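# An overview of the molecular structure
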Amino acid sequence: MNIFKNLFGEKKVSTQSVEAEEIWKKSASLMNESPDEAIGLFEQAIKIDPKHMKSYEYIVYVYRQVKGNPTKAIQVGLDALKIDRKHPALLEQIGKAYIEIGEFDRALKIFTKVKLEQATTDTLGYLTPMYILIGQNKKALKTDMLFNKKARGQAMADYVLEQIKRAFVMRK
């Protein structure tokens, strides 16, 4: 019996291919040490399953964050949006890349494509000041309230998980 699965539910993957998912897991661990190798493996997962959105998301992340090439990240990300134009994590990475090159209007356009209930605290954290800057204070307040709610919820989930881990260690 897997207590974590029972407590938190089984996490759905973005793919039907177990092989693509296994390649993704391997490549995700290489992102910082061997970014080019990681990108190659992510691309291999995509060849197996062209709808493996996590691989696209991570390629965009590697180009943006690890390799410092937000322009390439945007290119790859926009191509991937042709497959799933509403993928929240991919939209977030593209929005961040637009901010990094100073394209704030495009960043806002990308961030607002994410449904607020699916938005991460990062996305909400970017949206709030952007809304304030363009004078949309009601939207800023709404995103800020949701940001605070999600941040507290995540902190509580992290705390509960840590307590469960400690309980297991104490049992041994």
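A short tour of the structure in this document, coming up. Values in this document were obtained by computation on a predicted structure and should not be read as measured data. (Residues numbered from 1 in each chain as written. Predicted model: local features only at pLDDT ≥ 70, side-chain atom pairs only at ≥ 80, totals over all residues. Heavy atoms only, no water.)

## Focus on the overall build of the protein
- Of the regular secondary structure elements, the protein holds nine helices and zero strands.
- The buried share among the 172 residues of the protein stands at 35%. (Helix = DSSP H or I, 4+ residues; strand = E, 2+ residues; numbered from the N terminus. Buried < 20%, exposed > 50% of the residue type's maximum accessible area, 1.4 Å probe, protein only.)

## Things to note about the side chain of E57
- Residue position: E57 is located in helix 4 (residues 53-66).
- Buried E57, no salt bridge; nearest opposite-charge side chain is K54, N-O distance 7.7 Å.
- Ignoring sequence-local partners within four residues, the contact set of E57 consists of H87, A89, L90 and Q93. (Lys, Arg positive; Asp, Glu negative; His and termini not counted. Salt bridge = Lys/Arg side-chain N within 4 Å of Asp/Glu carboxyl O. Contact = heavy atoms within 4.5 Å.)

## Remarks on a nonpolar patch on the surface
- Residues M156, Y159 and V160 make up a contiguous nonpolar surface patch of roughly 300 Å² in combined accessible area.
- You can call V160 partly exposed: its relative accessible area is 34%. (Patch = residues over 30% accessible without salt bridge, like charges linked within 9 Å, V, L, I, M, F, W, Y side chains within 5 Å. Areas by Shrake-Rupley, 256 points an atom, 1.4 Å probe, with all protein chains shown as cover.)

## Considerations on the side chain of K96
- By secondary structure assignment, the location of K96 is in helix 6 (residues 88-100).
- With a relative accessible area of 9%, K96 lands in the buried category.
- The contacts of K96, once residues within four sequence positions are left out, are R64, F111, D122 and Y126.

## Section: the pattern of salt bridges
- In this structure the tally under the stated criterion is eight salt bridges.
- Residue E22 is joined to K25 by a salt bridge in which the shortest nitrogen-to-oxygen separation is 3.6 Å. Taken together, the residues E22 and K25, both in helix 2 (residues 18-28) and three residues apart, mark about one turn of the helix.
- For E22, a relative accessible area of 45% corresponds to the partly exposed category.
- When its relative accessible area of 45% is taken as the criterion, K25 is described as partly exposed.
- Salt bridges sharing partners connect three or more residues here, namely E92, K96 and D122.

## Some thoughts on a positive patch on the surface
- A cluster of basic residues, R85, K86, K109, K113 and K115, forms a positive patch at the surface.
- Following the sequence through the fold, K115 ends up in the loop between helix 7 (104-111) and helix 8 (121-133).
- The class of K115 is partly exposed, set by a relative accessible area of 46%. (Charge placed at Lys NZ, Arg CZ, Asp CG, Glu CD.)

## A few points about the packing of aromatic side chains
- Tallied over the entire structure, the rule returns three aromatic pairs.
- On the numbers, 5.3 Å between centres and 15 degrees between planes, the contact of F111 with Y126 is stacked. Here F111, found in helix 7, pairs with Y126, found in helix 8; they are 15 residues apart in sequence, far enough to count as distant.
- According to the relative accessible area criterion, F111 is buried, its value standing at 0%.
- Positioned over the ring face of W24 is K54, at 3.9 Å from the centre of the ring. (Phe/Tyr/Trp six-rings, centres within 6.5 Å; stacked < 30°, edge-to-face > 60°. Lys NZ or Arg CZ within 6 Å of the ring centre and 35° of its normal.)

## Digging into helix 7
- Of the positions making up helix 7, those classed as buried are A107, L108, I110 and F111. Projected onto a plane normal to the axis of helix 7, the buried residues spread over an arc of 165 degrees and lie on a single side. The exposed residues of helix 7 that point more than 90 degrees off its buried face are D105 and K109.
- Tucked inside the fold, the buried residues of helix 7 contact helix 6 and helix 8. (Arc of directions from axis to C-beta.)

## Remarks on the environment of Y98
- Tracing the sequence through the fold places Y98 in helix 6.
- Relative accessible area serves as the criterion here: at 7%, Y98 is assigned to the buried category.
- In this structure, the C-alpha to C-alpha distance between Y98 and I110, residues twelve residues apart in sequence, is 8.8 Å.
- If we skip the residues at most four places from it in the chain, Y98 touches I74, L78, E103, R106, A107 and I110.

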